[in-house]
Amino acid sequence: MTAVQKRKIEGTIALTFSTLAAFMGLFWLVFILGDVIVHGIKALNLSLFIHDPAPPGVEGGGLRNAFVGQLLITICATLIGVPIGVLGGTFLAEYARGKKIARIISILADIMVSVPSIVIGTFIYAVLVLPLGHFNGWAGSVALSIIMIPVVLRTTEDMLSLVPWTLREAAFALGAPYYKVITQVVYRGAATGILTGILLSIARVAGETAPLLFTSFNNSFFSLNMNQPISSLTVTIFQYAMGPYDSWHEQAWAAAFVITIFILIITILGRLIIRWRYR
Amino acid sequence: MAITLKRKNPVDLVFSFITALASVTVIIFIIGIIYVLISESSLAIEKFGIVKFLSSTEWNPVKEDFGALTNIYGTVLTTFLSLLFAIPVAIGIAIFVTEIAPNFLKGPIGVAIELLAAIPSIIYGMWGLFTLSPIMSSYVEPFLKKITSGIPLVNILFQGMPMGIDILTASVILSIMIIPFTASIARDSFNLTPDVVKESAYSVGATQWEVVKNVILPYSKLGVFGGVVLSLGRALGETMAVAFVLGNNHRITMSLLDAAATITVTLANEFAEADNDVYLSSLFYLALVLFVMSFITLAIAKFFLLKAERKYSR
């Protein structure tokens with residue numbers, strides 16, 4: 001065998017392996033998604049959305065409380081997290097642009113994005129659950145918003161930095177103060193990007209379970225009271241999947257299906273917006 | 001670039017102050033987390049000290065005697081194994097997407113990998129419990145037991161009944177979870193290799209694999225390494241993907257077919273039901289240990305990624 005042949009064979013083997021690796025990645029995606037869809041659709045029915053859970057072991061019932069609770073927690077987390085994230089990102093990209101403090105906060109935010117979410121849960125437990133003496137929905141929302149803030153902050157910073165500096169200079173030249181330049185020129189230029197960041201951060205927190213386990217906890221009854229324990233889909237999935245009843249497992253699959261589809265749609269939407277806007 | 005206006009508009013001052021406050025929340029959270037975790041775990045720190053807590057394998061709520069070693073062992077072992085499975089696959093994916101795939105496949109596979117990253121960890125965990133765990137216990141684990149049974153030392157790794165609820169299954173799920181993170185960072189790093197450099201390698205007769213091995217990989221190693229460390233940080237703190245299939249067993253075992261406990265799994269299972277002060281305080285102590293471990297790892301990852309970024313932008 002000549003040296004050239006040997007090199008060619010070595011190359012073919014290596015490239016075959018990386019092709020196989022890529023298809024293995026795809027295989028897992030199809031396997032997991034397919035499993036969730038097949039089991040989920042089978043268990044999906046109308047009573048899931050309009051009924052509250054039946055007593056343990058009794059067939060039937062639904063997860064209305066969990067759907068509503070999840071929605072409530074996520075909306076509150078968004079209302080807390082998005083303004084802080086967007087304003088914080090504005091500071092980094094505008095007022096503190098190029099300064100050392102902006103760089104430090106930006107790096108710390110990047111680290112915060114990946115900090116274990118369960119640690120944030122324990123932190124909120126100490127701050128918002130222990131003093132009140134009971135689990136409550138607000139604690140869950142705040143825990144999720146802490147996960148959200150660094151994500152929104154970093155995307156806002158990046159998106160604002162993409163707006164050309166000359167655009168700001170043009171506005172300054174007309175005598176506009178900086179806050180007007182930001183709110184009326186820069187935000188408009190970066191609106192789609194910021195919106196995408198917000199969408200992706202919602203997708204990120206909607207599937208979080210760990211920070212809710214001991215903040216908003218769970219509630220087997222329908223409740224809109226954020227001062228009390230409130231049910232969420234993810235914690236319900238954890239409880240039901242680990243539980244002993246087949247009917248629980250089915251409902252866990254259905255809940256998993258709904259939440260996965262919701263998150264994938266938001267993620268795809270976010271990517272489509274980016275593609276459509278930044279081409 | 002920043003501008004300084006001579007006469008500051010009062011509204012502008014207020015607005016800049018509000019935005020500054022909003023961005024400082026990130027620092028407040030980090031300091032707050034460290035402060036709160038230390039003060040909540042002070043009882044356990046006093047009782048067990050630092051070295052004794054980290055090196056004790058005891059985890060006994062009844063006798064109120066706690067040590068972190070079993071949890072740290074589980075965390076480190078599952079993370080190590082999952083990286084072992086994930087890194088080759090992730091780099092393979094990155095090579096495929098950047099170099100091998102025809103153009104019409106590059107986009108869809110990239111999107112698919114990112115969708116895999118968007119699936120919440122609880123779905124992975126639940127899928128692991130209902131689908132992967134039975135497959136592991138009835139096919140994969142007996143097979144591994146059979147082929148390793150004659151080999152000394154290796155067979156220790158596969159001792160015991162294959163139940164599917166064990167370190168091996170948890171590591172496999174964890175690796176499926178971190179493959180997309182590692183792959184997308186590796187892909188981004190590969191893409192930064194200038195075409196001119198690759199083309200000059202091709203022009204002296206290098207094969208495609210030789211270009212990948214001798215040009216692209218050395219050129220992007222900083223970024224890839226940063227991505228690997230970032231995935232390591234993620235895997236350390238992952239809770240729900242492993243909580244379903246690891247059992248919650250505070251023992252150090254050599255066999256990968258035994259149940260174990262990680263810091264995150266212990267927190268998820270025991271935090272809400274800790275019924276005395278020392279117990280709860282020890283759990284906060286565990287959370288502190290995890291926070292420090294992952295913060296340091298993530299900081300190292302960020303350091304390498306920044307270094308890579310600076311190198312490429314030159």
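Above this note sits the structure.
Here we summarise the structure given alongside this text. All of these numbers come straight from a predicted model, not from anything done at the bench. (Residues numbered from 1 in each chain as written. Chains lettered and ligands numbered in written order. Predicted model: local features only at pLDDT ≥ 70, side-chain atom pairs only at ≥ 80, totals over all residues. Heavy atoms only, no water.)

1. Here we look at the overall build of chain B
Counting its secondary structure elements, chain B contains twelve helices and two strands. When the elements of chain B are put in sequence order from the N terminus, they spell out α-α-α-β-β-α-α-α-α-α-α-α-α-α. Counting only C-alpha atoms and orienting by the principal axes, one finds that chain B spans roughly 70 × 65 × 35 Å. Considering only contacts within chain B whose residues lie at least 6 apart along the sequence, 74% involve residues at least 24 apart. Taking the average place of the 20 positive charges on the side chains of chain B and the average place of its 21 negative ones, the gap between the two points comes to 12 Å. (Helix = DSSP H or I, 4+ residues; strand = E, 2+ residues; numbered from the N terminus. Contact = heavy atoms within 4.5 Å. Lys, Arg positive; Asp, Glu negative; His and termini not counted. Charge placed at Lys NZ, Arg CZ, Asp CG, Glu CD.)

2. Concerning helix H7 (residues 165–173) of chain A
Residues and elements named next belong to chain A. Inspection of H7 places Trp 165, Arg 168, Ala 171 and Phe 172 among the buried residues, and these make up the whole buried set. Looking straight down H7, one finds that the buried residues subtend no more than 120 degrees of arc, so they occupy a single side. In H7, the exposed residues that point more than 90 degrees away from the buried face are Thr 166 and Ala 173. Following H7 by one or two positions, Gly 175 adopts a phi angle in the positive range, close to 90 degrees. (Buried < 20%, exposed > 50% of the residue type's maximum accessible area, 1.4 Å probe, protein only. Arc of directions from axis to C-beta.)

3. Some remarks on helix H5 (residues 103–118) of chain B
With 16 residues, H5 of chain B should reach 22 Å at 1.5 Å per residue; the first-to-last C-alpha distance of 24 Å fits that figure. Among the residues making up H5 of chain B, those that are buried are Ile 109, Gly 110, Ala 112, Ile 113, Leu 115, Leu 116 and Ala 118 of chain B. In this structure, the buried residues of H5 of chain B make contact with helix H1 (3–43) and helix H10 (246–277) of chain A together with helix H4 (69–100), helix H6 (121–148) and helix H7 (167–191) of chain B. (Expected span 1.5 Å × (residues − 1).)

4. With respect to a nonpolar patch on the surface
Where nonpolar side chains cluster on the molecular surface, the patch consists of Ile 151, Leu 153, Val 154, Ile 156, Leu 157 and Met 254 of chain B and spans about 510 Å² of accessible area. Examined against the element boundaries, Leu 153 of chain B turns out to sit in the loop between H6 and H7. (Patch = residues over 30% accessible without salt bridge, like charges linked within 9 Å, V, L, I, M, F, W, Y side chains within 5 Å. Areas by Shrake-Rupley, 256 points an atom, 1.4 Å probe, with all protein chains shown as cover. Salt bridge = Lys/Arg side-chain N within 4 Å of Asp/Glu carboxyl O.)

5. Focus on the environment of Ala 203 of chain A
Residue and element names in this part refer to chain A. Note that Ala 203 resides in helix H8 (residues 178–206). Residue Ala 203 is classed as buried on the basis of its relative accessible area of 8%. Distance from Ala 203 to Met 148, taken between C-alpha atoms, is 9.9 Å for residues 55 residues apart in sequence.

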